[in-house]
Amino acid sequence: MARPTKSLVEQCEKITIRFARPQAEKIAEECLKSGVRPGQYLRMAGIAFSDHKYLDLKTMMQLVVDETIRLRRDFNDAVVEGE
């Protein structure tokens, strides 16, 4: 008998992830500094990430693009004025 498919929310309630060695080392360093276990640290990081609306990656990327365009215009304006 097939297992019932979990809803997307149920799937998001428990997520298992693997990190590359450099990221794992950074996380371990932060765990040592804060005195918490990796699971606790990542749970807190995930809550902070979602509470501050960083999960809206499309909007976040658009802000980066917009800022890059603004900086490029500012740079071009400065170069033209400097000639």
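Anyway, here's the lowdown on the structure attached to this text.

Parameters at a glance
- Residues numbered from 1 in each chain as written.
- Predicted model: local features only at pLDDT ≥ 70, side-chain atom pairs only at ≥ 80, totals over all residues.
- Heavy atoms only, no water.
- Helix = DSSP H or I, 4+ residues; strand = E, 2+ residues; numbered from the N terminus.
- Buried < 20%, exposed > 50% of the residue type's maximum accessible area, 1.4 Å probe, protein only.
- Areas by Shrake-Rupley, 256 points an atom, 1.4 Å probe, with all protein chains shown as cover.
- Lys, Arg positive; Asp, Glu negative; His and termini not counted.
- Charge placed at Lys NZ, Arg CZ, Asp CG, Glu CD.
- Axes fitted to C-alpha atoms, helices over the stretch in contact; angles between N-to-C directions.
- Parallel < 35°, antiparallel > 145°, perpendicular 65-115°, else oblique.
- Contact = heavy atoms within 4.5 Å.
- Nonpolar A, V, L, I, M, F, W, Y, C, P; charged D, E, K, R; others polar.
- Expected span 1.5 Å × (residues − 1).
- Salt bridge = Lys/Arg side-chain N within 4 Å of Asp/Glu carboxyl O.

### With respect to the overall build of the protein chain
Argument step 1. Within the protein chain one finds 4 helices and 0 strands.
Argument step 2. Its helices and strands taken in sequence order, the protein chain reads α-α-α-α from the N to the C terminus.
Argument step 3. Expressed as a percentage of its 83 residues, the buried residues of the protein chain come to 2%.
Argument step 4. In the structure as shown, the protein chain presents an accessible area of about 8,200 Å², 60% of it carried by carbon and sulfur atoms.
Argument step 5. Across the protein chain, 14 positive and 13 negative side-chain charges occur, with their mean positions spaced 13 Å apart.

### Digging into the packing of helix 2 (residues 21-34) against helix 3 (residues 38-51)
When two helices pack together, you describe them by how their axes are tilted relative to each other and by the distance separating the axes.
Argument step 1. The N-to-C vectors of helix 2 and helix 3 enclose an angle of 100 degrees; their axes lie 9 Å apart at closest approach. Compared by their axis directions, helix 2 and helix 3 come out roughly perpendicular. Contact residues: Ile 27, Glu 30, Cys 31 and Ser 34 in helix 2; Pro 38, Tyr 41 and Leu 42 in helix 3.
Argument step 2. Of the residues that constitute the contact of helix 2 with helix 3, the class distribution is 5 nonpolar, 1 polar and 1 charged.

### Regarding helix 2
Since the α-helix packs 3.6 residues into each turn, any two residues three or four apart lie on the same face.
Argument step 1. Between the first and last C-alpha of helix 2 there are 20 Å, a value that for 14 residues agrees with the 20 Å anticipated at 1.5 Å per step.
Argument step 2. Of the residues one or two after helix 2, Gly 35 is the one with positive phi, at around 70 degrees.

### Some thoughts on the pattern of salt bridges
Argument step 1. A full pass over the atoms with the stated rule returns 5 salt bridges.
Argument step 2. Taking the shortest distance from any N to any O, the salt bridge between Glu 25 and Arg 21 comes out at 3.3 Å. Of this pair, Glu 25 and Arg 21 both sit in helix 2, 4 residues apart, roughly one helical turn.
Argument step 3. Residue Glu 25 is classed as partly exposed on the basis of its relative accessible area, which comes to 48%.
Argument step 4. Owing to a relative accessible area of 64%, Arg 21 belongs among the exposed residues under this scheme.
Argument step 5. The structure contains a network of salt bridges with shared partners spanning Glu 29, Glu 30 and Lys 33.

### Brief notes about the environment of Gln 11
Argument step 1. Tracing the chain through its elements places Gln 11 in helix 1 (residues 8-13).
Argument step 2. Sequence separation of Gln 11 and Val 65 is 54 residues, and the distance between their C-alpha atoms is 31 Å.

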